[in-house]
Amino acid sequence: MASATNLRSRRSAGQLHALAGVEREIGAQDTHNRRKYLREFGDAFRTYDSLLDSPQIQNAMQAADVVLIGDYHALPAAQRYAASVVEQRALAGGRPVVLGVETIFARDQHILDEWWRREIDESELRQRIRFDLDWGYDWTPFYELLATARDHAEGIYGLDCMPREDLRKIGARDRHAAAKIAEISQRHPGAAIFVLFGESHLAPGHLPRVLHEEMPGTRVLTVLQNVDALYWRAAGERADKVEAVRVREGVLCVFNATPLEKYESYRLLLDQWSRCEGGPDFAPTLYNLIDSLVRFLEIDRYSSHNGTQPKFLVDMMPEVYGTSDAMLRRLLARKGMSEPEMEAMLAQVEQRGSAYLPQVNAFYVREFQMMHAAEDAARFLHQACQGLPRRWRGSTDENHDSENCTPVAGTDAFYARIIEHAVAYFGSRVLCPSRPAPDCEDSGLMSRAACEKAAQAAVRGGDNPQKVQSSTQEWGYRIGGHLYDVYLAGKVKPSGLRRLFLAHLEEPGVARKVCAAVIAKARALSFTRRD
């Protein structure tokens, strides 16, 4: 059985490759993390006492009078988590709920009150609180938090004051916020007060200390989110997913995003701020994810042969299209994609945030969602290792699968699609280990016979492509999940996994053999664990 150190190393390997490049770029643009106030936050939370599950988290929040939630401003998941706990606490009943936010200056409370009374709309609220000028982060998740609080809470209050840019005055902002929270407590006696404030303010000697001085006897719970040191330490736990940890009395940390997701979100914002117009440039983010998988799999991007390495991978890097889809539509139309196929692709992007289009070797990204972007990066790498076999050459072939442009060849095609989904899922887990295990109807032990039965059923029902797609994805995700378990157990090395990306699936019988080999490894690992 793998030790905690080995588990931590294997779960973290892919992310650490990706983080190195992101942190270098952020460090070149933002030097604030060297300041004493920010260092004190990092130094305060290095270890934890125990793991927590959902009921324990809810019990801790219900027992608190004030819940301080740490906000990583650039990460939408941080604001959405705050919205979820405000709603959950309100629905649990027992006491009213009030929300306080750093994002809005206390001086603008009258504007927030007008919106609360529905006298002004979302657009006017955003403009009058100078959200884009004075805050500059993503509006959508913050507004979702406000809307949730208006539906479920008794009030919303702005807590911050100027100056935000001068770290020499940051202690004064903590004292101001503590005083405002005390005022809210007096205005709403008996209410549970939830506060969303920048994570660095939640070091023990910062806002929590001042709040205890301002409100002695108040039960204060500090809820951190995705603290790096705690995340990496929890990666060594035997549990597939650690939901939260108890840091110490009155302090816990929840995990709803990876460090890579945090810093990529911040890098995208820095890029957007530096250009001052248009949407973020997603290309560096996608290229970094691809490069991280390349290094994890020990692939030589500059290899001139196509045996154990893809040939000149560096020349196959995809185009990346962002928020404007007009140019991509024209490109796909020239390559023969029909309007219904285009609308289906756009619907997928709307749901997942991104999509890899092997027909033109391009990514289309509207929103960075770590789990799906990582899966798309793995899909590209698999296609590249195959020599981009699905890339259209300027014309379409009526014998090709319209969705993925793969020649249809009975069960071989079914198995090939399974492997494609498997490597995509596996790659996403390498870069995003917190991704949940695949939710399948039949979650029992896999067998070659069951897979072959599914393949035969797909061939017989080939006139229903959606059903075939659903079946191959389910089997692929299951196999990819078991493959990740095999990797975590130390039964296969990254260099061995590279052969899966390079397998020539277009050759008859190859995909079937690869599926059989992976299923055999998964079964062997399952029996080992039972013993």
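Residues numbered from 1 in each chain as written. Predicted model: local features only at pLDDT ≥ 70, side-chain atom pairs only at ≥ 80, totals over all residues. Heavy atoms only, no water.

> Residues and numbers for the packing of helix 9 (residues 170-187) against helix 10 (residues 207-214), please.
Each pair of packed helices gets described by two things: the angle between the helix axes and the distance between those axes. The interhelical angle for the contact between helix 9 and helix 10, taken along N-to-C directions, is 45°, at an axis separation of 9 Å. The angle between helix 9 and helix 10 falls in the class oblique. Crossing angle aside, the handedness with which helix 9 passes helix 10 is right-handed. Across the interface between the two elements, D174, R175, A177, A178, A179, I181 and A182 of helix 9 pack against L207, V210, L211 and E214 of helix 10. (Axes fitted to C-alpha atoms, helices over the stretch in contact; angles between N-to-C directions. Helix = DSSP H or I, 4+ residues; strand = E, 2+ residues; numbered from the N terminus. Parallel < 35°, antiparallel > 145°, perpendicular 65-115°, else oblique. Left-handed = near helix turned anticlockwise from the far one by under 90°. Contact = heavy atoms within 4.5 Å.)

> Pulling in residues and values, what's your account of the packing of aromatic side chains?
Here the structure, examined in full by the defined rule, presents 21 aromatic pairs. Look at W135 and Y137: their rings are 5.5 Å apart centre to centre, the planes differ by 65°, and that puts the pair in the edge-to-face class. For the pair W135 and Y137, a shared accessibility class is recorded, and that class is buried. Seen from their ring centres, F426 and Y487 are 6.2 Å apart, and the 85° between their planes marks the pair as edge-to-face. Of the two residues, F426 sits in helix 17 (residues 410-431) while Y487 sits in helix 19 (residues 465-488), which places them 61 residues apart along the sequence. The class of F426 is buried, set by a relative accessible area of 1%. (Phe/Tyr/Trp six-rings, centres within 6.5 Å; stacked < 30°, edge-to-face > 60°. Buried < 20%, exposed > 50% of the residue type's maximum accessible area, 1.4 Å probe, protein only.)

> Go over helix 16 (residues 370-385) with me, naming the residues and quoting the values.
Taking 1.5 Å per residue as the helical rise, helix 16 with its 16 residues ought to reach 22 Å, and the 22 Å between its terminal C-alpha atoms agrees with that figure. Burial analysis of helix 16 places 15 of its 16 residues in the buried class, which makes it a mostly covered element. Once helix 16 ends, the next one or two residues include G387, with phi positive near 85°. (Expected span 1.5 Å × (residues − 1).)

> Can you lay out the pattern of salt bridges for me, pointing to particular residues and giving the numbers?
Enumeration according to the criterion identifies 28 salt bridges in this entry. For D49, the salt bridge is made with R246, and the minimal N-O distance between the two is 2.5 Å. Here D49, found in the loop between helix 2 (36-44) and strand 1 (50-52), pairs with R246, found in strand 7 (residues 244-248); they are 197 residues apart in sequence, far enough to count as distant. For R246, a relative accessible area of 27% translates into the label partly exposed. A salt bridge links E350 to R366; the nearest nitrogen and oxygen atoms lie 2.6 Å apart. With a gap of 16 residues between them, E350 in helix 15 (residues 339-352) and R366 in the loop between strand 11 (362-365) and helix 16 connect regions that are remote in the sequence. (Salt bridge = Lys/Arg side-chain N within 4 Å of Asp/Glu carboxyl O.)

> Hey, could you go over the pairing of strand 5 (residues 192-198) for me, with residue numbers and the actual values?
In terms of burial, strand 5 is a largely internal element, seven of the seven residues being buried. Taken together, the six bridges between strand 2 (residues 66-71) and strand 5 define a ladder with parallel strand orientation. Directly across from G70, in strand 5, lies its bridge partner F197. Relative to strand 5, strand 3 (residues 97-105) is paired through five bridges, and the arrangement is parallel. (Pairing = 2+ DSSP bridges.)

> An account of unusual backbone geometry is needed here, citing residue identities and associated values.
In the segment running from M162 into P163, the intervening peptide bond is cis, with an omega of 0°. Mapped onto the elements of the fold, P163 is located in the loop between strand 4 (155-160) and helix 9. Phi at N361 takes a positive value of approximately 50°, unusual for a residue other than glycine. With respect to the helices and strands, the residue N361 is situated in the loop between strand 10 (354-357) and strand 11.

> Which residues make up the nonpolar core, and what values go with them?
Counting residues in each nonpolar core, the largest one holds 155 residues, and the members touching the most others are L125, F194 and L381. By residue number, the principal contributor to this core is helix 17, which donates 10 residues. Setting aside chain neighbours within four positions, we find F194 in contact with M61, V67, I69, V85, V86, R89, V97, V98, L99 and G100. Among the nonpolar cores identified, the runner-up in size contains 14 residues, and Y321, L328, V349 and Y364 belong to it. (Core = buried A, V, L, I, M, F, W, Y, C linked by side-chain atoms within 4.5 Å.)

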